[in-house]
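The lines below spell out each chain.
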Amino acid sequence: DQQVKQNSPSLSVQEGRISILNCDYTNSMFDYFLWYKKYPAEGPTFLISISSIKDKNEDGRFTVFLNKSAKHLSLHIVPSQPGDSAVYFCAAPATSGTYKYIFGTGTRLKVLA
Amino acid sequence: DVKVTQSSRYLVKRTGEKVFLECVQDMDHENMFWYRQDPGLGLRLIYFSYDVKMKEKGDIPEGYSVSREKKERFSLILESASTNQTSMYLCASSFGDEEEKLFFGSGTQLSVL
């Protein structure tokens, strides 16, 4: 059973517009959530995180929203740039205090110039 | 900057061979991880280590073993490679106080023929 789900395998957005990447989860006990970005031929890099006690975290053009009642989080990129084209993974720790992270299957974002 | 180096970018091995994937990090991180990435399945944890000579199984340890004799080095061993172990292998490390931030290597694309 996949506890962290990214149901959209791909997304295309025009440069300058907003990109919204979605992630659903099943375990209400997750302490926090993370987003990673992965370019081809590179390892994933940490992008932004959000604690389960917050509903929003912002870092420059990137904002993550958490809706605990819906067990849903989303990553907003505004404005989108061609360099944002990558695969984005959401992740959560399997249990509290664990080193084990559960990753979603990823969403490939393409920002069109 | 943290650097996580994986010894090979591409590897081609034959079924039944013993395969060693090496990973070295240069930031004195306590925690090290091995993931595999497969299309449609995201990143899945194979093994992790939170200290020298310590290891714990991840979600898919079957057919793999690991070795951590020195803090900076974490090796993944495929005891007898099989075709279903063809995958992208990603090593990562993290620091004790910022465990959620995983630093990944560039990955090793392993093909088992």
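Scroll up to find the structure this text is about.
Q: Would you explain the overall build of chain A in this entry?
A: Scanning chain A from N- to C-terminus turns up zero helices and eleven strands. Its C-alpha atoms give chain A a radius of gyration of 13 Å, near enough to 13 Å, the size a compact globule of 113 residues would have. Sorting the 113 residues of chain A into buried and exposed places 45% on the buried side. Summarising the internal contacts of chain A: among those between residues at least 6 apart in sequence, 54% fall at separations of at least 24.

Q: Would you take a moment to explain the sheet that holds strand β1 (residues 4-5) of chain A for this structure?
A: Think of a sheet as strands paired side by side through backbone hydrogen bonds, with each pair either parallel or antiparallel. Here five strands make up an open sheet; going across it, the order is β1-β3-β8-β7-β6 (chain A) and the pairing antiparallel. Edge positions in the sheet fall to β1 and β6 (56-59) of chain A, since each of these pairs with one other strand and no more.

Q: Quick question: what am I supposed to make of the side chain of K37(A) here?
A: All names here are of chain A. As for its position among the elements, K37 is in strand β4 (residues 32-38). The buried charged residue K37 lacks any salt bridge, with D84 as its nearest oppositely charged partner at 4.7 Å. Within the local environment of K37, its side chain forms a polar contact with the side chain of Y39, the two groups lying 3.1 Å apart. With residues near it in sequence (within four places) discarded, K37 still touches G43, P44, T45, A86, V87 and Y88.

Q: Is there a simple way to explain the interface of chain B and chain A in this structure?
A: Often, the extent of an interface is quoted as the loss of accessible area upon association of its parts. Counting residues at the interface gives 23 residues for chain B, matched by 16 residues for chain A. Here chain B meets chain A over a buried area of about 1700 Å², counting both sides, of which 63% is carbon and sulfur. Across the chain B-chain A interface, the total number found is zero salt bridges. For the interface between chain B and chain A, the tally reads two residue pairs in polar contact (both at pLDDT 80 or more). Broken down by element, the residue count for the side of chain B that touches chain A peaks at five residues, all from strand β10 (residues 98-104) of chain B. Residues belonging to the side of chain B that touches chain A are distributed by class as follows: ten nonpolar, seven polar and six charged.

Q: Would you take a moment to explain the environment of Q6(B) for this structure?
A: All names here are of chain B. Structurally, Q6 can be placed in strand β1 (residues 4-6). With near-sequence residues (within four places) excluded, Q6 lies in contact with E22, W34, Y89, L90, C91, G105, S106, G107 and T108. Among the polar contacts made by the side chain of Q6, one reaches the main-chain amide nitrogen of C91 at a distance of 3.0 Å.

Calculation rules
Residues numbered from 1 in each chain as written. Chains lettered and ligands numbered in written order. Predicted model: local features only at pLDDT ≥ 70, side-chain atom pairs only at ≥ 80, totals over all residues. Heavy atoms only, no water. Helix = DSSP H or I, 4+ residues; strand = E, 2+ residues; numbered from the N terminus. Rg over C-alpha atoms; globule rule 2.2 N^0.38 Å. Buried < 20%, exposed > 50% of the residue type's maximum accessible area, 1.4 Å probe, protein only. Contact = heavy atoms within 4.5 Å. Pairing = 2+ DSSP bridges. Lys, Arg positive; Asp, Glu negative; His and termini not counted. Salt bridge = Lys/Arg side-chain N within 4 Å of Asp/Glu carboxyl O. Polar contact = N/O pair within 3.5 Å; in protein donor to acceptor, adjacent residues only side chain to side chain. Buried area = accessible area lost by both parts, 1.4 Å probe. Nonpolar A, V, L, I, M, F, W, Y, C, P; charged D, E, K, R; others polar.

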